[in-house]
Amino acid sequence: MKRVPASFVPPIAIDYHTKTPMYRQLYDWFRRVITDGQMRPGQRVPSTRSLAAELKISRIPVLNAYEQLLAEGYLETFIGAGTCVARSIPDDALSAQASKARKGLQEIVEKMGPRRISRRGAALTHVPTQSWLDNLGAFRVSLPALDHFPIRVWSKLVARHSRKPTRGIMAYGNAMGQLSLREAIADYLGAVRAVRCEASQILVTTGSQQGLQISAQVLLDPNDPVWMEEPGYPGARQAFMTALAHLVPVPVDHQGMNIAEMIRRGHTARAVYITPSHQYPLGMTMSATRRMLLLNWAVRTGAWIIEDDYDSEYRFGSRPIASLQGLDTDGRVIYVGTFSKVMFPALRLGYVVVPKDLVSAFSAARDAADIFSSTLYQAVLTDFIREGHFARHIRRMRMLYMERRRALVKAIQTQMADMIEVIGAEAGMHLVALLPPGTNDVAVSRKAAQKGVSAMPLSICYSKPPTRGGLILGYGGANAHQIHDGIRKLRMSVQGQIA
């Protein structure tokens, strides 16, 4: 069993006025915390010298207590590792009180029923178990090609800033983010996405999910109606649920969200969440007519538009589509983006472009959430962008993902053409495969997960069960072999549900 290397001094309280010998107090304390599970098997205990010094007592009672614990099997010694909690505690040493404490909570819940939590917490518990997230191969959605990331370049930049970090990197950071990174992001968005913004409008976040959560906290009150694409991004639904918003599903067609139908019916909304450049998950692009209709409607009604531009860098048949925010002249659009898909997910850096009059509110909300993002990674990413590595990486990945998409489509046509139908524009890092009518896509997803394949069920993107299920298949993080093998296993998974 792996031993815990650290030997922190435990919070032992010595009573100097009791008649109980000091060694016995130490013995009783260690025995109790070991049998109660507060100290884990293999965990290292302080040396007798350091413990005695910390407690300001003689070393003799500490030695006596350790000897007794060693003799009774609670502690054991390892060459070169010192004294540790025994890897196996005698059965008769288990504390009846500890066992009772472990069962106490379960008995309370069984007798009194589920304990009360907030409406936000209760809503989040209804999210189904996401078994398709257990695998990192084919066809994990939103996973980039990590094996093609320029790790040597990135490592050198990290070393550059880590070797002699400035006070700014080691101290508290600005809630809005480091100015140098915000300037780099503003330049990038203006050139590539036609976003109208200044560095002062950029809020650096830990990813698009935090951007959505902050947007919901700042813009929405409980029961405010929010229009959501149907189907749409589940993460956005969760973010707005935490704000207790009233979610209104709006169907999408080949032109994107059907705004005209909602206006015709007289429906109102406080905010609209939309993925206009590459609709999630179906992949269509919102038409220019609907974009202008949405912007004009937002100005008339005072509604907010939250634009999630999650993977617009990757279009294979044409140039990237300009952002909706770039068409907005009235400051109604909150633009959310992330580096997780173009860099790597563990980077945990994203951004929100905030209208100027909302900057102070968004900054305060970010400060209340977790104050600021990693200053080290912000500094490294700034150099990564400024020195041209970011642009080169995107160009390389665009070609790679185009090849992987073709490989996935070919594998489906070869092995599963009689089972699934591929939909979605030639863009992004995933496609949608519709299953035969009546097939339970969640059951297929769970079966595939058991075979080591990640296939996200399309139905979780709907507020109500869809007429036809499907699978969302990511190809960014899967090579040709993984794609071919993944489709083979997926075919077996689908066969098991339609047989």
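Described below are features of the structure shown in this document.

Considering helix α8 (residues 179–192)
- With 14 residues, α8 extends 20 Å between its outermost C-alpha atoms, agreeing within 8% with the 20 Å of an ideal straight helix rising 1.5 Å per residue.
- Buried within α8 are the following residues: L181, R182, A184, I185, A186, Y188 and L189.
- Against β3 (202–205), β9 (333–338), β10 (350–353), α14 (375–386) and α15 (389–415) lie the buried residues of α8.

Some thoughts on the packing of helix α9 (residues 208–219) against helix α10 (residues 234–242)
- Where α9 contacts α10, the two axes come as close as 8 Å, and the packing angle between them is 35°. Judged by the sense of rotation from one axis to the other, the crossing of α9 with α10 is right-handed. Each of Q209, L212, Q213, A216 and Q217 in α9 lies in contact with α10, whose residues at this interface are G235, A236, A239, F240 and T242.
- Its residues assigned to classes, the contact of α9 with α10 shows 5 nonpolar, 5 polar and no charged.

Regarding the nonpolar core
- W154, F339, M343, L381 and L473 are the most contacted members of the largest nonpolar core, which has 61 residues in total.
- For this core, the element with the most residues is α15, which contributes 10 residues.
- Ignoring sequence-local partners within four residues, the contact set of L473 consists of F139, L408, I412, M429, H430, L431, A433, A455 and L490.

A few points about the environment of Y66
- In this fold, Y66 is placed in helix α3 (residues 59–71).
- For the pair Y66 and T206, spaced 140 residues apart in the sequence, the C-alpha separation amounts to 46 Å.
- Once you skip the residues sitting within four places of it in the chain, Y66 turns out to touch F30, V45, P46, T48, L51 and L75.

Brief notes about the pattern of salt bridges
- This model, assessed by the stated rule, comprises 15 salt bridges.
- One salt bridge connects R160 with D383, and the closest N-O pair in it is separated by 3.1 Å. Here R160 is found in helix α6 (residues 151–163), whereas its partner D383 is found in helix α14, with 223 residues between them in sequence.
- Across the salt bridge formed by D485 and R488, the nearest N and O atoms sit 2.5 Å from each other. Of this pair, D485 and R488 both sit in helix α17 (residues 480–498), 3 residues apart, which is roughly one turn of that helix.
- A residue is classified by how much of its surface remains accessible, and D485, at 22% relative accessible area, is partly exposed.

A few points about the sheet that holds strand β14 (residues 470–474)
- Here 4 strands make up an open sheet; going across it, the order is β11-β12-β14-β13 and the pairing antiparallel. Of all the strands in the sheet, just β11 (421–423) and β13 (456–457) have a single pairing partner and so form its edges.
- As judged from the 3 bridges shared by β11 and strand β12 (residues 430–434), these two strands associate in the antiparallel manner. Along β12, the bridge assignment pairs I423 with V432.
- Strand contacts of α15: β11, β12 and β14, with the helix running at about 15° to β12, the strand carrying the most contacts.

Considering the environment of R392
- You can see R392 is positioned in helix α15.
- Overall, R392 belongs to the partly exposed group, its relative accessible area being 34%.
- A C-alpha to C-alpha distance of 16 Å links R392 and R319, two positions 73 residues apart in sequence.

Description of the packing of helix α1 (residues 22–35) against α3
- Contact geometry for α1 and α3: axes closest at 8 Å, N-to-C directions at 45°. Here α3 runs oblique to α1, going by the angle between their axes. Note on packing geometry: the crossing formed by α1 with α3 is right-handed. Of the residues in α3, those in contact with M22, Y23, L26, Y27, F30 and R31 of α1 are P61, V62, N64, A65, Y66, Q68 and L69.
- Among the residues making up the contact of α1 with α3, the classes are represented as 10 nonpolar, 2 polar and 1 charged.

What counts and how
Residues numbered from 1 in each chain as written. Predicted model: local features only at pLDDT ≥ 70, side-chain atom pairs only at ≥ 80, totals over all residues. Heavy atoms only, no water. Helix = DSSP H or I, 4+ residues; strand = E, 2+ residues; numbered from the N terminus. Expected span 1.5 Å × (residues − 1). Buried < 20%, exposed > 50% of the residue type's maximum accessible area, 1.4 Å probe, protein only. Contact = heavy atoms within 4.5 Å. Axes fitted to C-alpha atoms, helices over the stretch in contact; angles between N-to-C directions. Left-handed = near helix turned anticlockwise from the far one by under 90°. Nonpolar A, V, L, I, M, F, W, Y, C, P; charged D, E, K, R; others polar. Core = buried A, V, L, I, M, F, W, Y, C linked by side-chain atoms within 4.5 Å. Salt bridge = Lys/Arg side-chain N within 4 Å of Asp/Glu carboxyl O. Pairing = 2+ DSSP bridges. Parallel < 35°, antiparallel > 145°, perpendicular 65-115°, else oblique.

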